[in-house]
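So you can see what is in the structure, the chains are spelled out below.
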Amino acid sequence: MAATDEVNVRDFGACGDGAADDTAALQQAIDSTTGAIFFPAGQYRITHGLKVDLAKRGHTYVRSGGAQLINQSDQPALHITGSHFGTAQPEDMSAEVAAGQLQPTVSDIEIVGAGGQGDGIRLEGTHMAIVSHVTIRDCRHGIHLPHHNRNVIIADS
């Protein structure tokens, strides 16, 4: 992935100071780009879950440089949805999924629930999702896989 394919959430107004509500800025960063989303070191407080729609974004890589996402909502901090609803058989792979939804990745971030009502990460309809070097605590579910996720890798988390 080229460096130009990565956006910094601070460029969209996220403060990362732990006090400001960064929800709108973070969702704007997610919605306005494709490729990687970078969270620099800091504490990003959210009051609504962040939605990552792979059908709109394509390949997605969420990574951090020592960031903490503080979820003060009853929703998943990161809700990643794709359109893979077949089996793991190659013939069930749609062209849409094969062209840009494979391997959504979340790495090197800490997600903390404030109140324990929301999930850390929820994956739905994904294929080959990777969650690596992620710490999740004080959430209802750390990583929730409710619907049609195939070949998920959870490593060093």
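Because the structure is a prediction, the values reported are computed rather than measured.

Considerations on the overall build of the chain
For the chain, the count of helices and strands is 3 helices and 13 strands. In terms of C-alpha radius of gyration, the chain reaches 15 Å, essentially the compact-globule figure of 15 Å for 157 residues. Classification of the 157 residues of the chain by burial places 46% in the buried group. Long-range pairs, those at least 24 residues apart, make up 69% of the contacts in the chain with a sequence separation of at least 6. By element, 49% of the accessible surface of the chain is carried by carbon and sulfur atoms, the whole surface being about 7100 Å².

Here we look at the environment of I153
Counting through the fold element by element, I153 comes out in strand β13 (residues 153-155). Here I153 falls in the partly exposed class, since its relative accessible area comes to 45%. For the pair I153 and S64, spaced 89 residues apart in sequence, the C-alpha to C-alpha distance is 18 Å. In contact with I153, other than residues within four places in its own chain, are A129, I130 and V131.

Focus: the nonpolar core
Counting 29 residues, the largest nonpolar core has L26, F39 and L69 as its most contacted members. Elements supplying a minimum of two residues to this core: α1 (23-31), β3 (35-39), β4 (42-46), β5 (50-53), β6 (60-71), β7 (78-81), β8 (105-113) and β9 (121-124). Per-element tally for this core: the top contributor is α1, with 4 residues. Residues in contact with L69, not counting those within four places in the same chain, are L26, F39, Y44, I46, L50, A77, L78, E110, I111 and V112.

Observations regarding the pattern of salt bridges
Scanning the entire structure with this criterion turns up 5 salt bridges. In this structure, R140 engages D119 in a salt bridge whose closest nitrogen and oxygen atoms are separated by 3.0 Å. Of this pair, R140 sits in the loop between β11 (135-137) and β12 (143-147) while D119 sits in the loop between β8 and β9; the two residues are 21 residues apart in sequence, bridging distant segments of the chain. Salt bridges sharing common partners tie together E110, R137 and D138.

Examining the side chain of E124
Structurally, the position occupied by E124 is in strand β9. Of the side chains with opposite charge, R122 comes closest to the buried, unpaired E124, at an N-O distance of 4.0 Å. In this structure, E124 is in contact with H79, I80, T81, G82, P146, H147 and N149, ignoring residues within four places of it in sequence.

Observations concerning unusual backbone geometry
Even without being glycine, H133 reaches a positive phi, approximately 55°. Relative to the helices and strands, H133 is located in the loop between β10 (130-132) and β11. With a phi angle near 60°, D138 is a residue other than glycine that sits in the positive phi range. On the secondary structure map, D138 appears in the loop between β11 and β12. A relative accessible area of 48% places D138 in the partly exposed class.

Quick look at the sheet that holds β7
The parallel open sheet is built from 4 strands, whose spatial order is β5-β7-β9-β12. In this open sheet, the two strands that pair with only one neighbour each are β5 and β12. Each strand axis lies, on average, 15° off the axis of its neighbour in the sheet, ignoring direction. Sheet topology places β5 next to β7; 4 bridges connect them, and they run parallel. Counted as the bridge partner of V52 is I80 from β7.

Conventions used here
- Residues numbered from 1 in each chain as written.
- Predicted model: local features only at pLDDT ≥ 70, side-chain atom pairs only at ≥ 80, totals over all residues.
- Heavy atoms only, no water.
- Helix = DSSP H or I, 4+ residues; strand = E, 2+ residues; numbered from the N terminus.
- Rg over C-alpha atoms; globule rule 2.2 N^0.38 Å.
- Buried < 20%, exposed > 50% of the residue type's maximum accessible area, 1.4 Å probe, protein only.
- Contact = heavy atoms within 4.5 Å.
- Areas by Shrake-Rupley, 256 points an atom, 1.4 Å probe, with all protein chains shown as cover.
- Core = buried A, V, L, I, M, F, W, Y, C linked by side-chain atoms within 4.5 Å.
- Salt bridge = Lys/Arg side-chain N within 4 Å of Asp/Glu carboxyl O.
- Lys, Arg positive; Asp, Glu negative; His and termini not counted.
- Pairing = 2+ DSSP bridges.
- Axes fitted to C-alpha atoms, helices over the stretch in contact; angles between N-to-C directions.

Taken by themselves, the reported measurements are silent on function.
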